[in-house]
Amino acid sequence: MRGLVLFDIDGTLLRAGDREHARAFVEAMTEVFGRPIDLDGVPLAGMLDSEIARLALEREGITPVEVEAKLPLVMRRMGEHYSGRVLAGDRVTWVLAGAVESALALADAGYALGVLTGNARTVARAKLAAAGVDGLFPVGAYGDQAHTRGELVWLACAEAERHYGVRFLVHRVVLIGDTPRDIAAARAAGARVLAVATGRYSVRELEAEGADAVLPDLSDPVTTLAAVEAILSGSSAG
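Rules used throughout
- Here, residues in each chain are numbered from 1, in the same order as that chain's written sequence.
- The predicted origin of the model limits local features to residues at a pLDDT of at least 70 and limits the giving and counting of side-chain atom pairs to 80 or more, whereas totals for whole chains, interfaces and linings rest on all residues.
- To obtain the side-chain values, all non-hydrogen atoms of the structure were used and water was disregarded.
- Think of it this way: any DSSP run of H or I at least four residues long counts as a helix, any run of E at least two long counts as a strand, and we number them from the N terminus.
- As defined in this context, the radius of gyration uses C-alpha atoms, and a globule is described by 2.2 Å times the residue total to the power 0.38.
- Between buried and exposed lies partly exposed: a residue is buried under 20% and exposed over 50% of the maximum accessible area for its type, with that area taken using a 1.4 Å probe on protein chains only.
- Should any heavy atoms of two residues lie within 4.5 Å, those residues are counted as being in contact.
- Note on areas: Shrake-Rupley with a 1.4 Å probe; residue coverage comes only from the protein chains shown.
- Within this scheme, the nonpolar core is defined by two criteria: the residues are buried Ala, Val, Leu, Ile, Met, Phe, Trp, Tyr or Cys, and they are joined through side-chain atoms within 4.5 Å.
- What counts as a ring pair is set by centres within 6.5 Å for rings of Phe, Tyr and Trp (its six-membered ring), and what kind of pair is set by the plane angle: stacked under 30 degrees, edge-to-face over 60, tilted for all other angles.
- The criterion is that NZ of a Lys, or CZ of an Arg, lies within 6 Å of the ring centre and within 35 degrees of the ring normal, and then a charge sits over that ring.
- When DSSP finds at least two bridges between two strands, those strands are taken to pair.
- Between N-to-C directions, angles span 0 to 180 degrees; the directions come from axes that are lines fitted to C-alpha atoms, helices contributing only their stretch in contact.
- Each angle gets one of four labels, with under 35 degrees taken as roughly parallel, over 145 as roughly antiparallel, 65 to 115 as roughly perpendicular, and the rest as oblique.
- Each crossing gets its hand from how the near helix is turned against the far one by less than a right angle, where anticlockwise is left-handed and clockwise is right-handed.
- Here the nonpolar group is Ala, Val, Leu, Ile, Met, Phe, Trp, Tyr, Cys and Pro; Asp, Glu, Lys and Arg are the charged ones; every other residue, Gly included, is treated as polar.
- Orienting the strands away from the viewer, one traces the path from the first strand over the helix to the second; a clockwise path indicates a right-handed crossover.

Colleague: What should I look at first to understand the overall build of the protein in this one?
Modeller: The number of helices and strands found in the protein is nine helices and six strands. For 238 residues, the compact-globule formula gives about 18 Å, and the C-alpha radius of gyration of the protein, at 17 Å, lands near that figure. Relative to its 238 residues, the protein shows a buried fraction of 50%. The contacts of the protein with a sequence gap of at least 6 include a subset with a gap of at least 24, amounting to 65%. Carbon and sulfur atoms make up 53% of the accessible area of the protein, which amounts to about 10,100 Å² in all.

Given below as structure tokens:
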């Protein structure tokens, strides 16, 4: 294996703005805590589901101790609600242009693939299955596993090592994501990062955040592969 490439899901692989995810999130928090909880005004882009839950619940006056005690149940119930509604094939049209072709080009070139996402594991795997791409990304790290996105890099490396039987050094790991938080996560862990302007942030904004390379999108798999290889070789790209 030449390295490990970890894709963000929402806004990178798939179109962002999944209302069923938000609906399942609200239902789970309301159900577990027995009072109406909403996500209005809570930042979502690039955030972990666990971070989002903490912000939403603590602003309602729920103590951090109670939040932490019940957070695993919130994540579990959210996943159950979501996966019960969003079935395999339901999100095929949500796959962004070139994302699958870029992933296949990287795999053909000898890179291991996975996801690094703020989505809780059950939600993430259901989204990938709904988009018909779960087989491309057999490993990952998820938003119910850590307090910060940077921690997920190490968790993804560990899961990839178990799955592929290869040790992945963090400087041979490339995150592909569409937000400044993806860039910050890579920097915090010592990984590299290819940013794509397929979400709410422009090429210029992502460049200003210090990504190793920035592309407008993943529509050209040759360009995506070249960018990853340039990043890992230490040269500039994008």
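Here the narrative resumes.
Colleague: Looking at this structure, I do not really get the nonpolar core. What am I missing?
Modeller: In globular proteins that are soluble, nonpolar side chains generally tend to be buried together. The biggest cluster of nonpolar side chains holds 31 residues, and the ones touching the most others in it are Phe7, Leu13, Leu106, Phe137, Ile176, Leu194 and Val228. Listed by contribution, the elements that provide at least two residues to this core are strand S1 (3-7), helix H4 (99-108), strand S2 (111-116), helix H5 (121-130), strand S4 (173-177), strand S5 (192-196), strand S6 (213-215) and helix H9 (221-233). No other element matches H9, which puts five residues into this core. Setting aside anything within four residues of it in sequence, one finds Leu194 in contact with Val174, Leu175, Ile176, Gly177, Ala213, Val214, Leu215, Thr224, Ala227, Val228 and Ile231.

Colleague: What am I meant to see in the packing of aromatic side chains here?
Modeller: Each aromatic ring pair is summarised here by two numbers: the centre-to-centre distance and the angle between the ring planes. For the structure on display, the rule yields two aromatic pairs. With a centroid separation of 6.1 Å and an interplanar angle of 80°, the aromatic rings of Tyr164 and Phe168 are classed as edge-to-face. For Tyr164, a relative accessible area of 23% gives the class partly exposed. One residue, Arg15, lies across the ring of Trp94, its end atom 4.1 Å from the ring centre. Over the ring of Trp94 we find Arg91, and its NZ or CZ is 4.2 Å from the ring centre.

Colleague: Can you help me understand the sheet that holds S6 in this one?
Modeller: Hydrogen bonds along the backbone pair up the strands of a sheet, which may run parallel or antiparallel. Within the open sheet, the six strands sit side by side as S3-S2-S1-S4-S5-S6. Their pairing is parallel. Each end of this open sheet is capped by a strand with a single partner; those strands are strand S3 (139-141) and S6. Strand-to-strand twist across the sheet, computed as the mean angle between neighbouring axes with direction ignored, equals 25°. Judged from the three bridges that link them, S5 and S6 form a sheet pairing that is parallel. In the sheet register, Leu194 faces S6, and the bridge partner there is Ala213. Each of S1, S2 and S4 touches H4; the most contacted strand, S2, lies at about 140° to it.

Colleague: Please explain the packing of helix H6 (residues 149-164) against helix H7 (residues 180-189) as it appears in this structure.
Modeller: In contact at an axis separation of 7 Å, H6 and H7 are set at 60° when each is read in the N-to-C sense. Comparing the axis directions of H6 and H7 gives the class oblique. Our pair here, H6 against H7, has a crossing hand that is right-handed. Contacts from Arg149, Gly150, Val153 and Trp154 in H6 reach Arg181, Asp182, Ala185, Ala188 and Ala189 in H7. Each residue belonging to the contact of H6 with H7 can be placed in one class, and the counts come to five nonpolar, one polar and three charged.

Colleague: Whenever I open this one, H5 confuses me. Can you help?
Modeller: Every α-helix winds through 3.6 residues per turn, so residues three or four apart in the chain are directed the same way. Looking only at H5, the buried set comprises Val123, Ala124, Ala126, Lys127, Leu128 and Ala130. Tucked inside the fold, the buried residues of H5 contact helix H1 (19-33), helix H3 (64-85) and S2. Where H5 ends, the next residue or the one after it, Gly132, has phi of about 75°, a positive value.

Colleague: Is there a simple way to think about the pairing of S2 in this case?
Modeller: Residues in a regular strand point their side chains to alternate faces of the sheet. The buried fraction of S2 amounts to six of the six residues, a majority that puts the element mostly inside the structure. The side-chain alternation of S2 yields two buried faces, one formed by Tyr111, Leu113 and Val115 and the other by Ala112, Gly114 and Leu116. As paired elements, S1 and S2 share five bridges and run parallel to each other. For Val5, the partnering residue across the bridge sits in S2 and is Leu113. Crossover connection from S2 via H5 to parallel S3: handedness right-handed.

By themselves, these figures tell us nothing about what the structure is for.
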